[in-house]
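A look at the structure
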Amino acid sequence: MNSSTSGDTGEHKEVLSINKTVFIGSAIVSILLIFWTITFPTYSENLLSTAMAWVSDSFGWYYMLVIAAYSMFSLFVGMSRYGDIKLGQDQEKAQFPFLTWAAMLFSAGIGIDLLFFGASEPLMHYLTPHSGLTPESAEAMREALPQTFLHWGLHGWGIYALIGMTLAYFAYRKNMPLALRSALTPIFGERLVKGWLGDSVDTFGVVCTLMGIATSLGIGVLQANAGLTHVFGVSDSKTVQSVIIILVVVAAGLSAMTGVEKGVRRLSEFNMITATLLLVAILVLGNTTYLLNTFTQNIGDYFQTVVTKTFDVYAYEGQAGAEWKSAWTIFFWAWWVAWAPFVGLFIARISRGRTLREFVFGVMFIPLGFIFAWFSIFGNSAIDLVANGAVELGETAINNAPMGMYALFEYYPFSDILSFAGVIIGLVFFITSADSGALVLSNLSSRGLSNDMDAPVWLRLFWATATGLITLGLLFAGGFTSLQSVSVVAGLPFSVILVLYMVAMWKSLKEEGNKRKASTVDTANVLNGGKNWKARLQRIVSFPNKKQVQSFLTNVVLPAMKEVESELNNQGLRTQLIKRTVEDGGFEGLSLKVGHGTEEDFVYDVCLVKAVRPNFTLATSSKQAEYYYRAEVFLDEGSQEYDLVGYTKEQVLVDILNQYERHMQYLHLER
């Protein structure tokens, strides 16, 4: 609750509107890309395949290094002395309960791909491993799951942790818009970030998000149609797929209208519960002891080999190794980076009030545990069946990946029930992807949106509809593969933006460290020379009402601030005193702002804060109010958790000077 967020400060407040540059620019680029892939499907696919191969051959080493850097930086922040910094002001509480937050992380970050690749990818690594392994060998069987874990494990979630914590930090800690541009402010300055550079970054983010969601919906509709065909015998056709897309977009639109707190939250909780039940069913109905043994060994193998695999570019395996690396590891790294704007913004949106340590370890390790369990149980079940003669299952996984999970269910009791559950989970994943995507797209294309607001409902509905129409167009004209390639190729330039995010985050965290050092500077406090101790005691145990605190702000704090303002102006400093009033004419808060040019301004806020009265004081009189009011001091980083009520004007003056001296010490450390 600082001066930039409270009441009428007299400063210009930007009106919520469409950011025409981002909105029109992203629309033009997206339409041209889609038109190109639909009109020239063969040419675009060949060109983009060539581009992907060039990226892999020329920048494979770069991807390996930079993906490792993202994860290591995120873990460093979480384990460092900066880990207890809040993504918000110091007194803020987490916006969502822990389990709800975990469920939304799970749904946003994994989505339909979990069902698509759950059985198919481990089987592919077993049947068609890289050139250093013999297909269908015991070694290939053991390597299949650690290789899958590599593609879905710490590295990918480290990317999400980096972008999510950076965006949330600058939005909720620095009170900037929740947008991709905000995190670049420490490097390029406010003017460029608010101008063409910021618009370019946000436009790029919208295009990446739109392409990613469209291809994800394409994967999702194939998965859903495969499930309906398997369970109900519904034809595998474009008509059925069109109906699925329309129904999902309508459901996503309805969910978007209710906002994150209701729609996305409830759907994510449902997904987490049902996916867990399906996983437990496969564990119990299958070879339970074998699956638990392989699960344990897979985790051990992953952590034993993760460093080696992180930097393995298959340099000694010739062309075959290069092609395998391009088709799998580099593809996944580029795909994670391309999805980072969408998922990072959404994770930041739901993480206000958490510490950096909570955020990093929550984002990197909560989904990781479920991913280990899901891929190990589904993957080892499928591999064990194929190794013991289920040849058709292996052929299905390789030739028709969307059907891989349903083909696996055929080998279990209650296969129809399991398949039906898979269809439902897939559809809900489908809806949450479209819903959260519409939220991110609408927020990115808005101007004047505060960090605790979402774009208007009509704009969310527009983007939900737009993604549905794009998916329908690609469904009938082809082009899903090309559009997916666009997203992957776009991952290369965005990976550079993520490097800049690391620089910006480190720079800002060092500033936080200097502020903490500066706050330890001890200054003398004046309490009438220690003579009037009874007045001090009375102040400590008093619980005034609203009018009494407003009177204190008017008669004590305001005169003190005016004297400081006058003196600092005489010293040549640009000082501003801001008064915030309520309807009854009393003060809601007072703010003293001292400008320091290109360096950080000093802001000393005194705000009227409602608080719960201690229980022991209510026993004295049943007529006493349940609440009382405080005149709390706020700095840029939030409430300082102390109350000025009862201070003399001289004591308020000393407190302002104490905080200003600490701020000057912080600026000195910054220099």
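Residues numbered from 1 in each chain as written. Predicted model: local features only at pLDDT ≥ 70, side-chain atom pairs only at ≥ 80, totals over all residues. Heavy atoms only, no water.

Looking at an unreviewed UniProt entry, the chain carries the name Glycine betaine transporter BetP, with the source organism given as Psychrobacter phenylpyruvicus. The annotation that UniProt attaches to the chain under Subcellular location (unreviewed entry) is "Cell membrane". Reading the Sequence similarities (unreviewed entry) entry of the UniProt record for the chain gives the comment "Belongs to the BCCT transporter (TC 2.A.15) family." (UniProt positions renumbered as here; feature names shortened; annotations may be inferred.)

**A look at the packing of aromatic side chains**
Considering all chains together, one arrives at 43 aromatic pairs under this definition. Taken together, a centroid distance of 6.2 Å and an interplanar angle of 70° make the contact between Trp152 and Trp336 edge-to-face. Highlighted residues: Trp152 in helix α6 (residues 138–152) and Trp336 in helix α14 (residues 318–349), separated in sequence by 184 residues. For Trp336, a relative accessible area of 5% puts it in the buried group. If you follow Arg354 out to its NZ or CZ, it ends over the ring of Trp101, 4.4 Å from the centre. In this structure, Lys610 packs its charged tip against the face of Tyr627, placed 4.4 Å from the ring centre. (Phe/Tyr/Trp six-rings, centres within 6.5 Å; stacked < 30°, edge-to-face > 60°. Helix = DSSP H or I, 4+ residues; strand = E, 2+ residues; numbered from the N terminus. Buried < 20%, exposed > 50% of the residue type's maximum accessible area, 1.4 Å probe, protein only. Lys NZ or Arg CZ within 6 Å of the ring centre and 35° of its normal.)

**Details of helix α2 (residues 41–79)**
Given a rise of 1.5 Å per residue, 39 residues ought to cover 57 Å, yet the end C-alpha atoms of α2 are separated by just 48 Å, more than 12% below that figure. Approximately 70° is the largest bend angle found in α2, and it occurs at Phe59. (Expected span 1.5 Å × (residues − 1). Bend = angle between axes of the 7 residues up to and from the residue.)

**What to know about the pattern of salt bridges**
What the rule picks out here adds up to 13 salt bridges. Of the charged contacts in the structure, one is a salt bridge between Glu511 and Lys174, with a shortest N-O distance of 3.9 Å. On the criterion of sequence distance, the pair formed by Glu511 in helix α20 (residues 480–519) and Lys174 in the loop between α7 (154–173) and α8 (185–188) is long-range, its members being 337 residues apart. Note that Lys194 and Glu190 form a salt bridge whose closest N and O atoms lie 2.9 Å from each other. Of this pair, Lys194 and Glu190 both sit in helix α9 (residues 190–194), separated by four residues, roughly a single helical turn. Among the ionic contacts, a cluster of salt bridges with common partners joins Asp90, Arg173 and Glu512. (Salt bridge = Lys/Arg side-chain N within 4 Å of Asp/Glu carboxyl O.)

**Side note on the side chain of Thr185**
Along the chain, Thr185 turns up in helix α8. Only 2.9 Å separates the side chain of Thr185 from the backbone oxygen of Ser182, close enough to count as a polar contact. Every residue in contact with Thr185, bar those within four places of it in the chain, is listed here: Met176, Glu190 and Val193. (Polar contact = N/O pair within 3.5 Å; in protein donor to acceptor, adjacent residues only side chain to side chain. Contact = heavy atoms within 4.5 Å.)

**Section: the packing of α7 against helix α15 (residues 356–387)**
Where α7 contacts α15, the two axes come as close as 9 Å, and the packing angle between them is 150°. One element, α7, and the other, α15, form an angle in the roughly antiparallel class. Between α7 and α15 the crossing geometry is right-handed. Only Leu356, Phe359, Val360, Val363, Met364, Phe365, Pro367, Leu368 and Ile371 of α15 make contact with α7, whose side of the interface consists of Leu154, Trp157, Gly158, Tyr160, Ala161, Gly164 and Met165. Looking at the contact of α7 with α15 residue by residue, the class counts come to 14 nonpolar, two polar and no charged. (Axes fitted to C-alpha atoms, helices over the stretch in contact; angles between N-to-C directions. Parallel < 35°, antiparallel > 145°, perpendicular 65-115°, else oblique. Left-handed = near helix turned anticlockwise from the far one by under 90°. Nonpolar A, V, L, I, M, F, W, Y, C, P; charged D, E, K, R; others polar.)

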